[in-house]
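The primary structure of each chain is shown beneath.
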Amino acid sequence: MKPKILVTREVFDETLAYLAQACEVESNQNDAALTPEALRQRLRDKRGVMCCLTDRIDAALLAEAQQLKVVANIAVGYNNIDVAACTARGVMATNTPGVLDDSTADLAWALMLAAARRLTEVESYIRGGEWTGWRLKQWLGVDVHHATLGIVGMGRIGQVIARRAAGFDMRVVYHNRNRLAPDIEQRLNAAYVTKDELLRQSDFVVLQVPYSPETHHLIGAADLKRMKPTAILVNSTRGGVVDDAALVDALKAGTIRAAGLDVFENEPRLHPGFLGLRNVVLAPHVGSSTEATRRAMAMTAAKNLVAALAGATPPNLLNPESRATSHEPRT
Ligand code: GLV
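This is a predicted model, so every value here is computed, not measured.

**Q** What should I look at first to understand the overall build of the chain in this one?
**A** Check the secondary structure of the chain and you find 14 helices and twelve strands. For the chain, whose C-alpha radius of gyration is 22 Å, the value lies close to the compact-globule estimate of 20 Å for 331 residues. Principal-axis analysis of the C-alpha atoms gives the chain an extent of 70 × 50 × 30 Å. Of all 331 residues assigned to the chain, the portion counted as buried reaches 50%. Counting only contacts in the chain whose residues sit at least 6 apart along the sequence, the fraction spanning at least 24 positions is 60%. Averaging the locations of the 38 positively and 36 negatively charged side chains of the chain gives two centres separated by 1 Å.

**Q** Looking at this structure, how should I read the site of the ligand?
**A** For the ligand, the full set of nearby residues is L53, A75, V76, G77, L100, R238, H285 and M297. H285 is positioned with one of its side-chain polar atoms (N or O) 2.7 Å from an oxygen atom of the ligand. Residues that form the shell around the ligand fall into these classes: five nonpolar, two polar and one charged.

**Q** What am I meant to see in the nonpolar core here?
**A** Generally speaking, soluble globular proteins have nonpolar side chains that are buried together. If you look at the biggest cluster of nonpolar residues, it comprises 55 residues, and the most contacted ones within it are M50, L149, I161, F204 and L305. Here this core gathers at least three residues from each of two domains, domain 1 (4–99 + 291–325) and domain 2 (101–282). Look past the residues within four positions of F204 in its chain and what remains in contact with it is M112, A116, V142, D143, V144, A147, T148, L149, G150, M170 and I232. Of all hydrophobic cores here, the second largest spans 28 residues; its members include V173, V241, A246 and V248.

**Q** What should I look at first to understand unusual backbone geometry in this one?
**A** Glycine aside, the phi torsion of most residues is negative, and most peptide linkages are trans. Omega for the peptide link from E267 to P268 comes to 5°, which places this bond in the cis form. Looking at where P268 falls in the secondary structure, it is placed in the loop between β11 (258–261) and α12 (272–275). A positive phi angle, close to 50°, is found at D169, a residue other than glycine. The topology assignment puts D169 in the loop between α7 (156–165) and β7 (171–175). According to the relative accessible area criterion, D169 is partly exposed, its value standing at 48%. Positioned with a positive phi, N266 is a non-glycine residue whose angle comes to about 60°.

**Q** Quick question: what am I supposed to make of the pairing of strand β9 (residues 204–207) here?
**A** Working note: regular strand, side chains alternate between the two faces of the sheet. Burial along β9 is two-sided: the residues F204 and V206 and V205 and L207 are all buried. Inspection of the sheet shows strand β6 (residues 148–152) paired to β9 by four bridges, in the parallel sense. If you follow G150 over to β9, its bridge partner there is V205. By the bridge criterion, four bridges tie β9 to strand β10 (residues 232–235) in an arrangement that is parallel. Following the sheet pairing, V205 is matched in β10 by L233.

**Q** Looking at this model, I keep getting lost on the pairing of strand β2 (residues 24–27). Mind explaining?
**A** Relative to β2, strand β1 (residues 4–7) runs parallel, the two being bridged by four bridges. Each residue of the ladder has a partner; that of I5, found in β2, is V25. Between the parallel pair β1 and β2, the chain is carried across by helix α1 (residues 13–22), and the sense of this crossover is right-handed.

**Q** Please explain the environment of L39 as it appears in this structure.
**A** Checked against the element boundaries, L39 lands in helix α2 (residues 36–43). Remark: the alpha-carbon pair of L39 and N266, spanning 227 residues in sequence, is separated by 20 Å. The residues touching L39, leaving out its near neighbours within four places in the chain, are L6, T8, L34, D55, R56, I57 and L61.

**Q** Whenever I open this one, the sheet that holds β7 confuses me. Can you help?
**A** The strands making up a sheet associate through backbone hydrogen bonding, with each pair oriented either parallel or antiparallel. With parallel pairing, seven strands are arranged side by side in an open sheet as β8-β7-β6-β9-β10-β11-β12. Strands at the two margins of the open sheet, each flanked by one partner only, are β8 (190–192) and β12 (280–282). Pairs of neighbouring strands in the sheet enclose a mean axial angle of 20°, with direction left out of account. Each of β6, β9, β10, β11 and β12 touches helix α5 (residues 101–116); the most contacted strand, β10, lies at about 150° to it.

How each quantity is defined
- Counting restarts for each chain, with residues numbered from 1 along the sequence as it is written.
- Local features in this predicted model are restricted to residues of pLDDT 70 or higher, and side-chain atom pairs are both shown and tallied only at a pLDDT of 80 or more, whereas totals for entire chains, interfaces and linings draw on every residue.
- Side-chain figures throughout are based on the complete set of non-hydrogen atoms in the structure, without hydrogens or water.
- Here a helix means four or more residues in a row that DSSP labels H or I, a strand means two or more in a row labelled E, and each is numbered from the N terminus.
- We compute the radius of gyration from the C-alpha atoms alone; for a globule the expected value is 2.2 Å times N to the 0.38, where N is the number of residues.
- Buried, partly exposed and exposed residues are distinguished by accessible area as a fraction of the type maximum, computed with a 1.4 Å probe on protein chains only: under 20%, between the cut-offs, and over 50%, respectively.
- Contact definition: two residues touch when any of their heavy atoms are within 4.5 Å.
- The charge count treats Lys and Arg as positive and Asp and Glu as negative. His and the chain ends do not count.
- One atom stands in for each charge, and that atom is NZ of Lys, CZ of Arg, CG of Asp or CD of Glu.
- Note on terminology: near, applied to a residue and a molecule or strand, indicates that one of the residue's heavy atoms is within 4 Å of it.
- Polar contacts, as used here, are pairs of N or O atoms within 3.5 Å; protein pairs need one atom able to donate a hydrogen and one able to accept it. Residues neighboring in sequence count only if both atoms are side-chain atoms.
- Put simply, Ala, Val, Leu, Ile, Met, Phe, Trp, Tyr, Cys and Pro go in the nonpolar bin, Asp, Glu, Lys and Arg in the charged bin, and everything else, Gly too, in the polar bin.
- Joining through side-chain atoms within 4.5 Å is the link that ties buried Ala, Val, Leu, Ile, Met, Phe, Trp, Tyr and Cys residues into a set, and such a set is a nonpolar core.
- Boundaries of every domain are those given by an automatic assignment or by a domain database.
- Two strands pair if DSSP finds at least two bridges between them.
- Whether a crossover is right-handed comes down to one check: with the strands pointing away from the viewer, does the path from the first strand over the helix to the second run clockwise; if it does, it is right-handed.
- Axis geometry follows a simple rule: fit a line to the C-alpha atoms, using only the stretch in contact for helices, then measure angles between N-to-C directions, giving values from 0 to 180 degrees.

Here it is, written out as structure tokens:
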């Protein structure tokens, strides 16, 4: 008998077809997020779940999902999953690293360029029919080329962002929990600095750290004050890494020049202050959202799930220790 699994949100046809070869699939293809209660009910008899960052997989939910063996997140970030609770219950947790690095780096660059050259402002100006002609001092932005780019979080995506900076003749500084090996620093032409030094030196600060209790409000009011008044902040990693209320205040006061944001605290609700500001470019958490990348992410998650249920080690297992605690089925 095929194991029962749940797919919590709409995925692609080929993802479902792949899953159906190995599993009995129940899927929520109307694409409204399941309520915690609906998720709880539907997971009661499931061996696997393919979920998204909008689904909270916590200890209470896991306690009732007695059959569950694997949680396959369709995302590289997994702060929606209590991995320790999964491990304690012998549930494998997986994510989708690698396949989204380039697309996510591209979006960070799009936000940087859009904020520097005021693209959303000029677009609404033109759409509003206000353009009466060319003027020398119209919509002056700042240069990206030859500026200093500071990357906080130099993992896979941070490194792709750094690579792209060479094409803009930028100087790159970075801060990371662990300093990179000298040959990687050399290849990326990136210099390691402290976080404060990075904030002081950079014209563009791009955040690429995962969200965790340690990175909660990594950028707050004091950090924004350390930045240049001409600097631009880009957050395309996770809401909560930036204190949004402090950022609204800083953008209003001109503490920094502008921001480009793809992620927010309390998504999909935004701090209302952002909507009234012109010096912020806003995107609805679409960092990895290209056709090819989202298909690749869904398929990566599906392969993780099927491998786990086949008794193999899934390629992107976050908690190898879970295999020691697993027993089947749990009662
Ligand atoms: C998207 O935000 C992801 O973590 O993949």
